[in-house]
Amino acid sequence: MEREQVIFTIILHAGNARSYCFEALTAARSGKHKDAAERLDDATKELQKAHAMQTNLLQLEAQGEKQEVSLLLVHAQDHLMNALLAKDLIKEMIGMLQDK
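Residues numbered from 1 in each chain as written. Predicted model: local features only at pLDDT ≥ 70, side-chain atom pairs only at ≥ 80, totals over all residues. Heavy atoms only, no water.

A. Looking closely at the overall build of the chain. Assigned secondary structure in the chain consists of three helices and zero strands. Each helix and strand of the chain, placed in order from N terminus to C terminus, yields the pattern α-α-α. For the chain, the C-alpha atoms occupy an extent of roughly 50 × 20 × 20 Å along the three principal directions. Looking at the chain as a whole, 32% of its 100 residues are labelled buried. Sequence separation of at least 24 residues holds for 78% of the intrachain contacts in the chain that already meet a minimum separation of 6. Side-chain charges in the chain split into 12 positive and 15 negative, and the spacing between the mean points of these groups amounts to 7 Å. (Helix = DSSP H or I, 4+ residues; strand = E, 2+ residues; numbered from the N terminus. Buried < 20%, exposed > 50% of the residue type's maximum accessible area, 1.4 Å probe, protein only. Contact = heavy atoms within 4.5 Å. Lys, Arg positive; Asp, Glu negative; His and termini not counted. Charge placed at Lys NZ, Arg CZ, Asp CG, Glu CD.)

B. The arrangement of helix α1 (residues 3-29) in detail. In a regular helix each residue adds 1.5 Å, so 27 residues correspond to 39 Å; α1 covers 40 Å between its end C-alpha atoms and thus fits that length. Phi turns positive one or two residues past the end of α1, at Gly 31, with a value near 80 degrees. (Expected span 1.5 Å × (residues − 1).)

C. Structural context of the packing of α1 against helix α3 (residues 71-99). As a packed pair, α1 and α3 sit with axes 8 Å apart at the nearest point and diverge in direction by 20 degrees. Relative to α3, the element α1 is oriented roughly parallel. Crossing hand, α1 versus α3: left-handed. For the contact of α1 with α3, the residue count by class is 21 nonpolar, two polar and four charged. (Axes fitted to C-alpha atoms, helices over the stretch in contact; angles between N-to-C directions. Parallel < 35°, antiparallel > 145°, perpendicular 65-115°, else oblique. Left-handed = near helix turned anticlockwise from the far one by under 90°. Nonpolar A, V, L, I, M, F, W, Y, C, P; charged D, E, K, R; others polar.)

D. Region of interest: helix α2 (residues 33-62). With 30 residues, α2 extends 42 Å between its outermost C-alpha atoms, agreeing within 8% with the 44 Å of an ideal straight helix rising 1.5 Å per residue. Here α2 has its buried residues at Ala 36, Leu 40, Ala 43, Glu 46, Leu 47, Ala 50, Met 53, Gln 54 and Leu 57. In this fold, the buried residues of α2 make contact with α1 and α3. Gly 64 sits one or two residues past α2 and shows a positive phi near 100 degrees.

E. Main features of the side chain of His 13. Structurally, His 13 can be placed in helix α1. On the basis of relative accessibility, which here comes to 13%, the residue His 13 falls in the buried class. Aside from chain neighbours lying at most four places away, what touches His 13 is Glu 46, Lys 49 and Ala 50.

F. Region of the structure containing the packing of α1 against α2. Look at α1 against α2: their axes get within 8 Å of each other, and the N-to-C directions meet at 165 degrees. Judged by the angle between their axes, α1 and α2 are roughly antiparallel. In terms of crossing hand, the pair formed by α1 and α2 is left-handed.

Such coordinate-based values are descriptive only and should not be taken to indicate function.
Pasting the structure below:
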């Protein structure tokens, strides 16, 4: 897979994960906790795909194949980090909704 394809794949899966997280929060706020759990599972699967692509880039770097740091790569990393943070925070928020 071309480098740009890898980067766009990270963006795609991270964006999907973030969307699923917010869908989970919406479901939980409506009392649909089973749907919320399913959306969080979907988010986890998307994050695993994005993380696998990121790990591939890191492994190439570790093997001596220097990776060019481009604005596009930084953008992909930003998307992934935001999606991971959104998942963690939304899980906590859903937990607070369930405790009520």
